[in-house]
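Below are the chains, spelled out letter by letter.
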Amino acid sequence: FRFVSMGVFPNLTKLVESGDNPHAMNDAKEAFKEIIAHGSDWIKQEDGRLVTVPNRYKLAVARRAYEKVTLEKKPTVKSKKRLNLYPVTSIGKKTTPAQISEAFDSVLVDTYNRISNGPWEHMLKNVESILHGQDTTKTRILDLSSGPGGPVCMLARRFPRASVVATDASSKIVEQLKKKTAGFRNTRVVAADPQNLSSFQTASYDVVTCSFGLSTLTEEGARKALKEVHRVLKPGGSLVATVWDSLSIEHMSDEIMSAVVGGDAGPAPPRVIDYTSFAAPRKLEEMIEGDGSMSVIQVDHDEFSFQLSGLGHLPDDFAFNVVTIPIHPNLVQLQESGKKPNAFEDARGAFQKIVDEGDLVHTDEQGRMWAGPNRFKVVVARRQYEDTDK
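Bear in mind that the values here come from a model prediction, so they are computed numbers and not experimental data.

Chemist: Sorry if this is basic, but what is going on with the pattern of salt bridges here?
Modeler: In the structure shown here, the tally under the stated rule is 16 salt bridges. In this structure, Glu 219 engages Arg 223 in a salt bridge whose closest nitrogen and oxygen atoms are separated by 3.2 Å. With Glu 219 and Arg 223 both in helix α8 (residues 219-232) and four residues apart, the pair spans about one turn of that helix. The class for Arg 223 is partly exposed, based on a relative accessible area of 44%. Two residues, Lys 224 and Glu 220, come together in a salt bridge whose shortest N-O distance is 3.7 Å. Of this pair, Lys 224 and Glu 220 both sit in helix α8, four residues apart, which is roughly one turn of that helix. Taking the relative accessible area as the measure of exposure, Lys 224 reaches 41% and is therefore partly exposed. Classification of Glu 220 by relative accessible area gives exposed; the value is 52%. Each of Glu 219, Arg 223 and Lys 283 takes part in one network of salt bridges that share partners.

Chemist: Would you mind showing me how to read the pairing of strand β10 (residues 369-383) here?
Modeler: In regular strands, side chains alternate between the two faces of the sheet. Within β10, eleven of the 15 residues are buried, which leaves the element mostly enclosed by the surrounding structure. Looking at chain direction, strand β7 (residues 233-246) and β10 are connected through eight bridges and run antiparallel. Note that in β10 the partner of Val 243 across the bridge is Lys 377. Pairing of strand β8 (residues 294-307) with β10 involves twelve bridges; the strand directions are antiparallel. The residue of β10 that forms the bridge with Phe 306 is Ala 371.

Chemist: What is the right way to look at the packing of aromatic side chains in this model?
Modeler: Where two aromatic rings form a pair, the distance of their centres and the angle of their planes describe that pair. Summed over all chains, the structure comprises ten aromatic pairs. When the centroid spacing of 4.0 Å and the interplanar angle of 10 degrees are considered together, the rings of Phe 212 and Trp 244 count as stacked. Here Trp 244 lies in strand β7 and Phe 212 lies in the loop between β6 (205-211) and α8, a separation of 32 residues in the sequence. Trp 244 carries the same exposure label as Phe 212, and that label is buried. Site record: aromatic cluster; members linked through ring pairs are Trp 120, Phe 212, Trp 244, Phe 304, Phe 306 and Phe 376. The aromatic ring of Tyr 205 is capped on one face by Arg 140, whose charged end is 4.4 Å from the ring centroid.

Chemist: Just to check I follow, could you spell out helix α5 (residues 120-131) for this structure?
Modeler: Two residues of an α-helix separated by three or four positions point the same way, owing to the 3.6 residues in each turn. Here α5 spans 17 Å end to end across twelve residues, near enough to the 16 Å set by a 1.5 Å rise per residue. Of the positions making up α5, those classed as buried are Trp 120, Met 123, Leu 124, Asn 126, Val 127, Ile 130 and Leu 131. Considered in projection along α5, the buried side chains sweep an arc of 160 degrees and stay on one side of the axis. Among the exposed residues of α5, those oriented more than 90 degrees off its buried face are Lys 125 and Ser 129.

What counts and how
- Residues numbered from 1 in each chain as written.
- Predicted model: local features only at pLDDT ≥ 70, side-chain atom pairs only at ≥ 80, totals over all residues.
- Heavy atoms only, no water.
- Salt bridge = Lys/Arg side-chain N within 4 Å of Asp/Glu carboxyl O.
- Helix = DSSP H or I, 4+ residues; strand = E, 2+ residues; numbered from the N terminus.
- Buried < 20%, exposed > 50% of the residue type's maximum accessible area, 1.4 Å probe, protein only.
- Pairing = 2+ DSSP bridges.
- Phe/Tyr/Trp six-rings, centres within 6.5 Å; stacked < 30°, edge-to-face > 60°.
- Lys NZ or Arg CZ within 6 Å of the ring centre and 35° of its normal.
- Expected span 1.5 Å × (residues − 1).
- Arc of directions from axis to C-beta.

Right under this line is the structure:
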């Protein structure tokens, strides 16, 4: 009783001593007995001990940002403020699904397909928690913007009795996905844009996953995608989505683009994709909960680093291709338009300078090169049960 009433014990004592309620303590003890008898807030173990139901807490890990001016070495770009290299009015605002698909040429598709490390475990653990204790023989999982296929392969392997569907808007990536998932009998691959899931029935999926796919969409596109997610989810179904909070390769690609453009070519071509479009606090959560049809039930943040070398048989340009993913379409446009005929050559030189400086990439004791940390957010949301649902 003393433990449970800790928060109100001074109040009870004051009531008794002031005479406002001389029986306050006894009344509180009787109320506590009723709580014990009801059993909703306590669990009685086999040995007779009483334990409370789980208490939810939050653990926050923070990192001090690097300032532009350090006491050692020369100033380096480490602040979260992005370089102003792209016309603000055109960043992603008019990007169409076709443009995004076209941006993933053979180089980008091959690079994505070779990225073996990623924060996929976070997504998988959340799906495991959602499906814990369930018979998964009738479970249907839809993975949006499957990209290199890492997440969908983990889902197919972990839930062999469930039906898993991989999707992507890029026909080139879809072909890669078909090859990558060929060994899974419970998986099929469909070409689909997350903004238009008309090929999927309403209320037909238990779980929808999306690893960084929303980060490739405009705000309007993301709203359309979330509306489609709500439609295809069964009442009570769950969305597990990851988005970038900060991305080291965007900072590096900004540095590279600054070196390529220089001061004589005007602004760079507008980005096709802004990968940190959901970096603002609670932006994605508020968008998900906008009309009240879905509820965010869990949010988590973490970091990981891209491994750029030491992964076995990789093309010589793999590290460069990964780092320049955010600006690859821009470099292609600059070079093919003739504005910067040596755009890729200049970009490689700028990347080598970044490697030599060792501030934005680092090499471990085994000689492997890493880029990071990259901060991301995992959001778990659930579709509400409507009054009309049976």
